[in-house]
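A structural walkthrough
Listed below, chain by chain, are the residues.
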Amino acid sequence: MTENKFVLNWLDKMKDLCKPSEIVWIDGSEEQLEALRAEAVATGEMIKLNEEKLPGCYYHRTAENDVARVEDRTFICTPTEEEAGPINNWMAPDEMYDKLYKLYDGSMQGRTMYVIPYSMGPVGSPFSKIGIELTDSIYVVLNMAIMTRIGNKVLEKIEGDDFTKCLHSKKDVNPDERYIVHFPQDNTIMSVNSAYGGNVLLGKKCFALRIASYLGKQEGWMAEHMLILGLENPQGEVKYIAAAFPSACGKTNLAMLIPPEYLKEKGYKVWTVGDDIAWLRIGADGRLYAINPEAGFFGVAPGTSVKTNFNALESTKKNTIFTNVAINNDDMTVWWEGLDKNPPENCTEWTGKQVNGKTYEGNLAHPNSRFTAPAINCPCISPEFENPQGVPISAIVFGGRRAKTAPLVYQARDWEHGVFVGATMASETTAAAAGAVGVVRRDPMAMKPFVGYNMADYFGHWLEMGEKMDPEKAPKIFHVNWFRKDEEGNFLWPGFGDNMRVLLWILDRCEGKADAQDSPIGLLPSMKDIDVTNLDITEEQLEELLHVDKDVWMEDVANQKEYFAQFGDRLPAAIKKQLEILENNLK
Ligand code: OXD
Ligand code: MN
């Protein structure tokens, strides 16, 4: 408990609104969490998995209508619509509070309200921020205990009203009345009628990206949808890279990359600091430092295997919560598409149906089924993971899935150009999702669903951050594309561990050890500078990978112009200028 009157007054108000039968403070102790696990198993909310094969692991299934983030029901409620900008859903705060208060009225009757004090970032780090989530779901408590630092040690650190107020009620999981709402000016998040992770683990996307991006703009730092990795060379020096990719572009795989055998033998190694979110601040020395504000991975299970991501799979072997995967009833272990070629015969499919997995058609695990795993389980977790000062970032990498446009890698000429490269990020839709294939979706800095204010002002904030850094010390900015295809539609680049070869050129550039050639879009590597040792790749293929097709780029420029037009006069002049430079270069 606490004496903090800001916390207590808010709690009283939310208690009067939601009318829970009981309030339980989450203290962070293992005893309390263990009792909650037992309660969740007793009520059927969670299923205990095989203690020998998956120690400390549990299973949970959500309602069939509640399996993913709901962008169309996610709102940024700033005082004016302009502040939220054209790509966020907006409603006037008073109107939204009215609507929500009606929905929360009595929503926790007969249930317990759990009070979870949590820290995003190591407790007490100058980067870290505190939130309190009130929830009527044990599943949320147990997930937050993995994804964030929780309990009394956090509560003690709250000063005055400096905490993010987060209210979640699963209510009756009614999709028609589901809302995920942010009030940046009030430092408040409200989520109702969902029990799916991305909508209810309010520390993650809601706080660590949407609210934090707003706080970062006010306070002069950045909250980004980026992985952070450390690359160790044979001399034992580690350089850090932060990288932003839209979903389905392999962020977790890159964060946990295993180098090709010959580089491993030389002594190269990758360390994971984070797989989804980075908070970045300028240090006293003028360099940019990053922490991962999370304490766990909320990863997509399907497609994760020994081959595609050994380290992610290892992370899920203990103290993990699985959501909406399939269960092997014979030994109470889990299965998902892409784990191996051996679906369980005696299987509980994600919806709870009993099926024969060997003959079953369709998905046994939901395509967006997840694991919530402690970061410390990861075999390659960085020794700097808990460093309260963060790690110094040498390079920022943007990327997308582009069949023809973007080359394998190129470097921005300077910070301003780099911001433009991030702002024009885009990805093509895949056959894995419903709808047309190959449609270009613009997703600036991979933040389209996550920016907590006007995207045009967000570009402005990126530009201002660059002005505050010594240009010599600012991270160099790059763009990569692992998904370039040849005329027949085959991928030209092997991807996965071989992406390390591109990271090495990037770091060589940062250290002034490799050449580059100017091109209309930025600085390209010479073919000789991409190490293709032991790779089955021809010179023509490498040339194709690095080729810039001016006609294709002109089409993209037209699409960029159309996209930027929605921001009107709010679009920073530097972005307009960079667009003109690109267009002129291509002519
Ligand atoms: C995620 C996402 O779950 O970006 O990380 O959707
Ligand atoms: Mn993400």
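Please refer to the structure placed before this passage.
Residues numbered from 1 in each chain as written. Chains lettered and ligands numbered in written order. Predicted model: local features only at pLDDT ≥ 70, side-chain atom pairs only at ≥ 80, totals over all residues. Heavy atoms only, no water.

**With respect to the pattern of salt bridges**
Scanning the model with the defined rule gives 30 salt bridges in all. Asp12 is the partner of Lys15 in a salt bridge, and the nearest nitrogen-oxygen pair spans 3.5 Å. Separated by three residues within a single helix, Lys15 and Asp12 lie in helix 1 (residues 5-18), roughly one turn from each other. Across the pair Asp529 and Lys528 runs a salt bridge whose closest N-O atoms are separated by 3.3 Å. By relative accessible area, Asp529 is classed as partly exposed at 23%. One salt-bridge network, in which partners are shared between bridges, spans Lys204, Lys205, Lys251, Asp276 and Glu294. (Salt bridge = Lys/Arg side-chain N within 4 Å of Asp/Glu carboxyl O. Helix = DSSP H or I, 4+ residues; strand = E, 2+ residues; numbered from the N terminus. Buried < 20%, exposed > 50% of the residue type's maximum accessible area, 1.4 Å probe, protein only.)

**A few points about the coordination of the manganese ion (ligand 2)**
Only Lys205 (NZ), His225 (NE2) and Asp276 (OD) from the protein reach the manganese ion (ligand 2) as donors, at distances of 2.2 Å. Taken in chain order, the donor set of the manganese ion (ligand 2) reads K-x19-H-x50-D. Of the two residues, Lys205 sits in helix 8 (residues 203-219) while Asp276 sits in the loop between strand 14 (269-274) and strand 15 (278-282), which places them 71 residues apart along the sequence. Taking relative accessible area as the criterion, Lys205 reaches 7% and is therefore assigned buried. Taking the relative accessible area as the measure of exposure, Asp276 reaches 9% and is therefore buried. (Donors = N, O, S within 2.8 Å, 3.2 Å for Na, K, Ca; no water.)

**Comments concerning the site of ligand 1**
If you check the shell around ligand 1, you find Arg69, Lys205, His225, Asp276, Arg370 and Phe450 and nothing else. Taking Arg69, its side chain carries an N or O atom lying 2.9 Å from an oxygen atom of ligand 1. Arg370 has a polar side-chain atom sitting 3.0 Å from an oxygen atom of ligand 1. Considering ligand 1 on its own, with 210 Å² of exposed area, one finds that the protein chains cover 84% of that surface. (Near = heavy atom within 4 Å. Polar contact = N/O pair within 3.5 Å; in protein donor to acceptor, adjacent residues only side chain to side chain. Areas by Shrake-Rupley, 256 points an atom, 1.4 Å probe, with all protein chains shown as cover.)

**Notes on the nonpolar core**
Here is a general trend for soluble globular proteins: nonpolar side chains tend to be buried in one another's company. Counting 99 residues, the largest nonpolar core has Trp279, Phe398, Phe459, Trp462 and Phe564 as its most contacted members. The residues touching Phe564, leaving out its near neighbours within four places in the chain, are Phe420, Ala423, Thr424, Phe459, Leu571, Ile575 and Leu579. Listed in part, the 68 residues of the second largest apolar core include Ile241, Cys347, Ala365 and Ala395. (Core = buried A, V, L, I, M, F, W, Y, C linked by side-chain atoms within 4.5 Å. Contact = heavy atoms within 4.5 Å.)

**Regarding helix 16 (residues 550-565)**
Helix length check: helix 16, at 16 residues, gives a terminal C-alpha distance of 22 Å against a target of 22 Å (1.5 Å per residue), a fit within 8%. For helix 16, every residue scored as buried is listed here: Val552, Trp553, Asp556, Val557, Gln560, Tyr563 and Phe564. Seen from one end, helix 16 has its buried residues packed into an arc of 145 degrees, which puts them on one side. Within helix 16, the exposed residues directed more than 90 degrees away from the buried face are Asp551, Glu555, Glu562 and Ala565. Elements in contact with the buried residues of helix 16: strand 25 (409-411), helix 12 (415-423), strand 27 (440-442), helix 13 (455-468) and helix 17 (573-586). Of the residues that open helix 16, the one with a side-chain oxygen 3.0 Å from the backbone nitrogen of Asp551 is Asp549. (Expected span 1.5 Å × (residues − 1). Arc of directions from axis to C-beta.)

**Concerning the sheet that holds strand 18 (residues 321-323)**
The sheet built from five strands is open, its strands ordered 2-3-18-23-17 with mixed pairing. Here the strands that pair on one side only, and so sit at the sheet edges, are strand 2 (47-48) and strand 17 (296-300). Of the pairings in the sheet, the one linking strand 3 (residues 58-60) to strand 18 comprises three bridges and is parallel in character. The residue bridging His60 from the neighbouring strand is Thr323, located in strand 18. (Pairing = 2+ DSSP bridges.)

**Points about the sheet that holds strand 20 (residues 333-335)**
One open sheet holds the four strands; their spatial order is 20-19-21-22, and the pairing between them is antiparallel. Edge strands, defined here as strands with exactly one partner in the open sheet, are strand 20 and strand 22 (354-355). Direction of pairing for strand 19 (residues 326-328) relative to strand 20: antiparallel, over a ladder of three bridges. If you follow Asn328 over to strand 20, its bridge partner there is Thr333.

**Description of the side chain of Arg370**
Tracing the chain through its elements places Arg370 in strand 23 (residues 370-374). One buried charge, Arg370, has no salt-bridge partner; the nearest side chain with opposite charge is Asp276, at 6.9 Å. Within the local environment of Arg370, its side chain forms a polar contact with the side chain of Asn368, the two groups lying 2.9 Å apart. Look past the residues within four positions of Arg370 in its chain and what remains in contact with it is Tyr196, Phe298, Gly299, Val300, Ala301, Ile321, Phe322, Thr323 and Val325. (Lys, Arg positive; Asp, Glu negative; His and termini not counted.)

**Things to note about the environment of Ser194**
Along the chain, the position of Ser194 falls in the loop between strand 10 (188-192) and helix 7 (197-200). Distance from Ser194 to Val173, taken between C-alpha atoms, is 5.0 Å for residues 21 residues apart in sequence. In this view, Ser194 contacts Asp66, His168, Ser169, Lys170, Val173, Arg178, Asn199 and Val200; residues no more than four positions away in its chain are not counted. In terms of polar contacts, Ser194 uses its side chain to reach the backbone amide nitrogen of Tyr196, at 3.1 Å. Within polar-contact distance, the side chain of Ser194 engages the side chain of Asn199 at 3.1 Å.

**Observations concerning the pairing of strand 24 (residues 391-399)**
In terms of residue burial, strand 24 counts as a mostly covered element, since eight of its nine residues are buried. Pairing analysis gives five bridges linking strand 13 (residues 238-244) to strand 24, with the strands arranged parallel. Across the sheet, residue Ile241 finds its bridge partner in strand 24, namely Ala395. One ladder, built from two bridges, connects strand 16 (residues 288-291) with strand 24; its direction is antiparallel. Pairing of Tyr289 across the sheet is with Pro392, part of strand 24. Of the pairings in the sheet, the one linking strand 24 to strand 28 (residues 476-480) comprises five bridges and is parallel in character. In the strand pairing of strand 28, Ile396 is matched with Ile477.

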